[in-house]
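One-letter residues, chain by chain:
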Amino acid sequence: AAIAYGLDNGSEGVYAVYDLGGGTFDISILRLTQGVFEVISTGGDSALGGDDYDAALAQWVLGQTGAQAPSAEDKAAVRLAARRCKEALTDAESATFRAELSAGAVALEVARTEFDAATQALTARSLAAVRRALRDADLAKDEVQGVVMVGGSTRMPQVQTAVGDFFGQTPLTNLNPDEVVALGAAIQANQLAGN
């Protein structure tokens, strides 16, 4: 991911790679010296990812509407509706949560601020892992020169804002977070091939 962003051609220093995928969260602290990355520390939460944001939103909506999702089919429908709503909230200030359940349809307009509040504890968990990784590296957060965002779940505005606020700088988000690792691997392979 760091190579995909061209950090290996940039100034030497410390960089963080914040990777929030569908099921897991990883944080890596890297030091760039003479074009070579050294991993100083890694951390994360193997039970934290975008699926947990879906589950939190689904639980919040069921609480707001009083709807029940007793069957496996109902639970799956609620999860799918939560994911669609979450993805829509990436680009919009509000979105409709809509699920067809055995007891009838559930529909609720969800504001991004409500979604942020319902999932705030999950974002805080990721930042706790970032703090541990920095402590393991014996570094302060203001020593980090750049932050790379990896994984589709980093598209969520509240995640980008929280990471930016934590590090005191805007994270790098201009490459597709689902493809950035593959892109960097392709660049590295091209270099190793002697091109």
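Please refer to the structure placed before this passage.
The structure displayed is predicted, hence computed values, not measured ones. (Residues numbered from 1 in each chain as written. Predicted model: local features only at pLDDT ≥ 70, side-chain atom pairs only at ≥ 80, totals over all residues. Heavy atoms only, no water.)

*Asks:* Before we go on, may I ask you to explain the packing of helix H3 (residues 112-137) against helix H4 (residues 157-167) in this structure?
*Replies:* At their nearest, the axes of H3 and H4 sit 9 Å apart, and the two run at 40° to each other. In terms of axis orientation, H3 runs oblique to H4. For the pair H3 and H4, the crossing hand works out as right-handed. Residues Arg112, Phe115, Asp116, Thr119, Thr123, Leu127, Val130, Arg131 and Leu134 of H3 lie in contact with H4, whose contacting residues are Pro157, Gln158, Val159, Ala162, Val163, Phe166 and Phe167. Residues that form the contact of H3 with H4 fall into these classes: 10 nonpolar, three polar and three charged. (Axes fitted to C-alpha atoms, helices over the stretch in contact; angles between N-to-C directions. Helix = DSSP H or I, 4+ residues; strand = E, 2+ residues; numbered from the N terminus. Parallel < 35°, antiparallel > 145°, perpendicular 65-115°, else oblique. Left-handed = near helix turned anticlockwise from the far one by under 90°. Contact = heavy atoms within 4.5 Å. Nonpolar A, V, L, I, M, F, W, Y, C, P; charged D, E, K, R; others polar.)

*Asks:* Help me out: how do you make sense of the pattern of salt bridges in this one?
*Replies:* Close approach of charged atoms lets side chains of opposite charge pair. On inspection of all chains with the given rule, the structure shows six salt bridges. Asp51 is paired through a salt bridge with Arg83; the nearest N and O atoms lie 3.1 Å apart. Of the two residues, Asp51 sits in helix H1 (residues 50-65) while Arg83 sits in helix H2 (residues 72-88), which places them 32 residues apart along the sequence. Residue class for Arg83 comes out partly exposed when judged on its relative accessible area of 36%. A salt bridge links Arg155 to Asp178; its shortest N-O distance comes to 2.8 Å. You can see Arg155 sitting in the loop between strand S6 (144-150) and H4 and its partner Asp178 sitting in the loop between H4 and helix H5 (180-192), a full 23 residues away along the chain. (Salt bridge = Lys/Arg side-chain N within 4 Å of Asp/Glu carboxyl O. Buried < 20%, exposed > 50% of the residue type's maximum accessible area, 1.4 Å probe, protein only.)

*Asks:* When you look at the nonpolar core in this model, what are you seeing that I'm missing?
*Replies:* It is characteristic of soluble globular proteins that their nonpolar side chains tend to be buried jointly. By size, the foremost hydrophobic cluster in this structure holds 44 residues, and its most contacted members are Tyr18, Ile29, Phe97, Val130 and Phe167. Here this core gets eight residues from one element, more than from any other, and that element is H3. Aside from chain neighbours lying at most four places away, what touches Ile29 is Val14, Tyr15, Ala16, Glu38, Val39, Ile40, Ser41, Ala133, Leu134, Ala137 and Leu139. Counting residues in hydrophobic clusters, the runner-up holds 11 residues, among them Ala2, Ala4, Leu7 and Tyr15. (Core = buried A, V, L, I, M, F, W, Y, C linked by side-chain atoms within 4.5 Å.)

*Asks:* Help me out: how do you make sense of the sheet that holds S6 in this one?
*Replies:* As a general point, the strands of a sheet are linked pairwise by backbone hydrogen bonds and lie either parallel or antiparallel. What the four strands build is an open sheet, ordered S3-S2-S1-S6; its pairing is mixed. Since the sheet does not close on itself, it has two edges, and those belong to strand S3 (36-45) and S6, each with one partner. Strand-to-strand twist across the sheet, computed as the mean angle between neighbouring axes with direction ignored, equals 20°. Across nine bridges, strand S2 (residues 25-33) lies against S3 in antiparallel orientation. Looking at S3, one finds that Leu32 is bridged to Phe37. Where H3 meets the sheet, it contacts strand S1 (13-20), S2, S3 and S6, and its direction lies at approximately 35° from that of S2. (Pairing = 2+ DSSP bridges.)

*Asks:* For this particular structure, what's the right way to read the pairing of S2?
*Replies:* In summary, the side chains of a regular strand alternate between the two faces of the sheet. In this structure, S1 lies alongside S2, joined through eight bridges in antiparallel fashion. By the bridge assignment, Leu20 is partnered in S2 with Phe25. Taking the residues that link successive antiparallel strands as the turn, the S1-S2 hairpin has four residues. The turn linking S2 back onto S3 is made up of two residues, and Gln34 within it adopts a positive phi angle of 50°.

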